[in-house]
Amino acid sequence: MPQTVDVRRTPPVRAARRRTVAGWVAVAVLAVLGLVAVGLGVAQRTVWLPDDQVSATATTTGGDVDPLLVVTAPGVLETRPGPVTVTATSDDGGPVVLALGHEVDVAAWTADVPTAVVGGLESEGSLAVEEPAAAASSVDVPDPASSDLWTQVETGEGSATMRLDVPEGRWLLLAASDGSAAAPDELRLTWPQEVETPAAVPLVVGGGVALLLAVVLAVVHARASRRRRDRAVATATQTTQSTETTQSTETTRSTETTGETR
Amino acid sequence: MSRRRTTTRSATTRAGALGGAGVALAVLLGGCADAPLPEPQPQEVAGAYPAVTAEESASVHEAVAADAAEADAARDASLLEPRVAGSAAELRAARYRLQELLPDAPAPSPLGGTVERDVVPAVTLPGAQEGETPGRAVAPAEAAATFPRAWTTITQADGGVAPQLSVLVQEDARSPYRVVTTTPLLPGAVVPETLAPEEGVAPLAPDAGGLVLSPQDAVGQYASALGDPDAPEAARFADDPFRQVLLQERAAADAVEFFSLATSRSVRPGSVVATPTADGGALVVGVMESRSVQAVEEDGAVLTLSEPVAALAETQEARESAAVSWLEVVALAVPPAPADGEQAQPVRVVGADRVLSGAQAR
C-alpha cells in the first residue's frame with residue numbers, strides 16, 4: 001500500500017503540523033465569511049432597510065417677485081408610481097390650500113398671477129422650481145379653496161396635506177395661501193417605494209452554510225490532530241523495540257491511517 | 001494525505017466565492033445610488049371632458065339654491081351675489097322691490113330642487129392635439145380663453161312650482177358658476193331632449209347655423225313678434241301663452257282713450273345662450289328689455305295707473321305720460337333648419353318670465 005511507504009519516508013511531525021495549520025486557517029476564514037454574510041443579510045433587513053417611501057421637496061425662494069401660487073408641471077405628480085402625498089408648508093403659519101384640477105383649469109387660474117412652477121427631480125430629494133418673472137400686472141386672486149373647478153381640495157393652517165391617486169388625464173396641483181398672501185414656501189411630494197432586499201436571504205443562508213462547514217471542518221481537524229499526536233507518541237515508543245515488532249506495528253498503523261482519512 | 005489537501009483547497013475556493021458575493025453585493029448597493037432620476041410622466045392629451053363633474057354640479061346647485069333662498073327670505077339682492085348674477089339677479093331684485101311695496105306681490109320662483117337636466121359644458125385643452133404628451137402646461141392666457149363657460153340646467157323645486165330653466169356661467173377661472181338667467185317653464189311646455197354625453201356639451205354660438213333661425217335671430221324675431229301680432233316674424237313662432245298675455249295688454253293700452261302707446265323692445269346684448277338639442281336644434285335662452293310709453297294726446301285726460309306701476313311711480317295717475325319698463329326672459333326651442341323641400345318648423349316658446357323693473361308717471 002502506498003500510504004505505508006509515505007508514512008515511513010516523510011518526517012512525520014513537521015508535515016502533520018503544516019497540514020493542521022492550513023486546516024485551521026480554512027476553518028477561520030469560513031467562519032469569518034459566514035458571520036459577515038449573515039451579518040450583511042440581517043443588516044439589509046434591519047438597519048440598512050430602505051425607507052418604504054421616497055420624498056422630494058420644492059422650495060420657493062421667490063424670483064423677481066414672491067409667487068402667489070405654486071403649481072406642478074404636467075407629470076410631476078406622476079414622477080414615481082403613486083399614490084402621491086403632497087404637503088405644502090407655509091413658514092408664517094398662514095392658511096394653505098391644495099387643489100387638484102384639470103391642466104386647463106389650473107393654468108387658467110394662474111393667468112396674470114406670479115406663479116412658481118414645480119418641475120422634475122433635480123436630485124433624489126429635491127424638485128426643480130421655476131420662479132415667476134416680474135409680474136406685468138397685479139391681480140386680485142380669490143381664495144382658491146372655494147372654487148368650483150377643483151376635484152379635490154385640502155386646506156390647513158401652516159400646512160395642508162393631500163393624498164391622491166392621480167386620475168387619468170392631465171392634472172395639475174395648485175398650492176396657494178388664501179390668494180392674497182404669498183404662496184406656501186415648500187411643497188413636498190412623497191411616493192411609496194417598494195422595498196426589495198433580494199440578497200438578504202441568500203446571504204443569511206449562505207453564511208449559515210459557511211458557518212456549519214466551518215464547524216464540521218473544525219471537528220474533523222481537531223480529531224485528526226489528536227490522532228496524529230497519539231501516533232507521534234507511539235512512534236517514539238516503537239524506536240526502542242525490535243525490528244520485527246516495528247514492522248508488524250507499522251502495518252497495523254498504516255491500516256488505521258487509511259481508515260482515519262476516510 | 002492527498003484527500004486532506006483537497007479539503008483545504010475547496011475551503012479556499014469557497015472563501016473566494018463568498019468574497020466574490022460580497023463584492024457583487026457592494027457593487028449592487030453602489031449601483032442603486034447611481035440609478036438615473038425618474039422623470040415627470042405627463043399623461044396624454046385626451047379629448048373633451050366635462051367642465052363640471054356630477055359631484056361639482058351637485059355642490060353648485062346646492063350653493064345656488066341656498067343663496068337664492070336666503071336672499072329671497074331676506075328680500076336682499078346683495079345676498080344673491082355669490083351665486084346669482086346678471087338678469088337672474090335683476091329680476092329677483094325687482095321682485096323684492098315690488099314685494100316691499102305691495103303685500104300681494106309674488107315672490108320669485110325658488111331655485112334648486114331636483115335636477116332634471118344638466119347640460120354641462122365640454123372643455124378641450126387648447127393648443128395640443130389628442131394623444132400628444134406636452135411636458136409643459138398650456139399657457140395661462142390660452143387656458144383662460146376657454147372661459148366663459150355656460151351650463152344649462154332644469155331644476156324642479158318642491159311645492160308645486162314650475163320647473164326652472166337656468167343658465168349658469170363661469171365668467172373666468174377665478175369666478176364661481178353663477179345663475180345668470182332663469183325662467184320658469186310654461187305650463188305644458190315640452191323641452192326638446194338635450195344632449196348629455198360623458199364629455200359634456202359644447203355650447204352653440206349665438207350666430208350658429210343649421211337652425212331655422214340662429215339663436216340670436218330667434219330671440220330678436222320673437223321680440224318683434226311680441227310687439228306686433230301682424231309682424232312677418234310672428235309666423236315663425238308657435239302660439240304661446242306669454243305672447244297672448246302681452247298682446248292682450250298691448251291691445252288694452254292701445255285702446256285707452258286720449259293716450260297714445262309706443263313700445264320698444266330689444267334683446268340684451270350678450271344674453272343669448274344656446275345649447276344643442278338631440279334633434280339637431282337648439283335650446284335658446286335670451287333676455288329682452290321693453291319700454292312702453294303712454295303719452296297724453298288730449299289736455300285734461302287722466303290715466304289711472306295699475307297698482308304695481310303706481311307703487312313704483314309713486315303716484316296713482318298720469319296726466320302727461322306714463323312709462324313702464326319690463327325685463328323679460330324667454331326660452332325657445334329652435335328646430336333644425338329644414339331639409340330641401342321641407343317646410344320649416346315653428347320655433348316654440350318653452351319658458352318665459354318678466355318683471356316690472358321701473359315706472360315713471362307725470
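Given the structure is predicted, the values throughout are model-derived calculations rather than measurements.

Before going further, it helps to examine the overall build of chain B. On a plain count of helices and strands, chain B comes out with seven helices and 13 strands. Radius of gyration (C-alpha) of chain B: 33 Å, far over the 21 Å computed for a compact globule of 362 residues. Along the three orthogonal principal directions, the C-alpha set of chain B runs to about 150 × 55 × 40 Å. Across the 362 residues of chain B, 38% fall into the buried class. When contacts within chain B are restricted to residue pairs at least 6 apart in sequence, those whose partners lie at least 24 apart make up 69%.

Across the contact, 46 residues belong to chain A and 44 residues belong to chain B. When residues of the side of chain A that touches chain B are traced back to their parent elements, those giving at least two are α2 (12-45), α3 (103-109), β5 (115-123) and α4 (200-238) of chain A. Residue classes in the side of chain A that touches chain B are distributed as 24 nonpolar, 12 polar and 10 charged.

What follows deals with the nonpolar core. Counting residues in hydrophobic clusters, the biggest one holds 124 residues, and the most contacted among them are L98(A), L174(A), V284(B) and L332(B). With 10 residues, the single largest contributor to this core is strand β12 (residues 321-334) of chain B. Those residues in contact with L98(A), other than ones at most four positions away along the chain, are V86(A), A88(A), V153(A), E154(A), A160(A), M162(A), L173(A) and A175(A). Judged by nonpolar contacts, the second largest core, of 10 residues, contains A37(A), L40(A), A210(A) and A214(A).

With the exception of glycine, most residues fall at negative phi, and the peptide bonds are largely trans. With an omega of 0 degrees, the peptide bond running from G82(A) to P83(A) counts as cis. Within the fold, P83(A) resides in the loop between β2 (69-72) and β3 (84-89). With an omega of 0 degrees, the peptide bond between F147(B) and P148(B) qualifies as cis. Although it is not a glycine, D112(A) sits at a positive phi angle of roughly 65 degrees. One non-glycine residue, E314(B), adopts positive backbone phi at about 60 degrees.

The subject of this paragraph is the confidence of the model for chain B. All names here are of chain B. When pLDDT is averaged along chain B, the result is 89; 91% of the residues meet or exceed 70. This model gives residues 1-9 a pLDDT under 50, and the stretch forms seven contacts once residues within four places in sequence are excluded. Low pLDDT, under 50, characterises residues 27-32; the predicted model gives this stretch one contact beyond four residues in sequence or across chains. Across the predicted assembly, pTM comes out at 0.77 and ipTM at 0.82.

The next thing to look at is the UniProt feature "transmembrane region" (unreviewed entry) in chain A. With numbering aligned to this structure, UniProt lists the feature "transmembrane region" (unreviewed entry) at residues 21-43 and 199-220 of chain A. Across residues 199-220 of chain A, helical content stands at 95% and strand content at 0%; the span's end C-alpha atoms are separated by 31 Å.

What follows is about the environment of L247(B). Residues and elements named next belong to chain B. With respect to the helices and strands, the residue L247 is situated in helix α6 (residues 241-254). Among the residues examined, L247 registers 16 C-beta atoms within 10 Å and is labelled partly exposed. Taking the C-alpha atoms as reference points, L247 and D228, 19 residues apart in sequence, are found 7.8 Å from one another.

Across a sheet, strands are paired by hydrogen bonds formed along the backbone, either parallel or antiparallel in direction. All names here are of chain B. Taking strand neighbours across the sheet as the criterion, the four strands line up as β2-β4-β5-β6 in an open arrangement whose pairing is antiparallel. If you trace the sheet from one side to the other, it starts and ends with β2 (114-119) and β6 (178-184), each paired once. Each adjacent strand pair in this sheet contributes to an overall mean axis angle of 25 degrees, direction not counted. Across five bridges, β2 lies against strand β4 (residues 149-156) in antiparallel orientation. In the strand pairing of β4, R117 is matched with I154.

Conventions adopted
Residues numbered from 1 in each chain as written. Chains lettered and ligands numbered in written order. Predicted model: local features only at pLDDT ≥ 70, side-chain atom pairs only at ≥ 80, totals over all residues. Helix = DSSP H or I, 4+ residues; strand = E, 2+ residues; numbered from the N terminus. Rg over C-alpha atoms; globule rule 2.2 N^0.38 Å. Buried ≥ 20, exposed ≤ 12 C-beta atoms within 10 Å, placed from the backbone. Contact = placed C-beta atoms within 7 Å. Nonpolar A, V, L, I, M, F, W, Y, C, P; charged D, E, K, R; others polar. Core = buried A, V, L, I, M, F, W, Y, C linked by C-beta atoms within 7 Å. pLDDT = per-residue confidence, 0-100. UniProt positions renumbered as here; feature names shortened; annotations may be inferred. Pairing = 2+ DSSP bridges. Axes fitted to C-alpha atoms, helices over the stretch in contact; angles between N-to-C directions.

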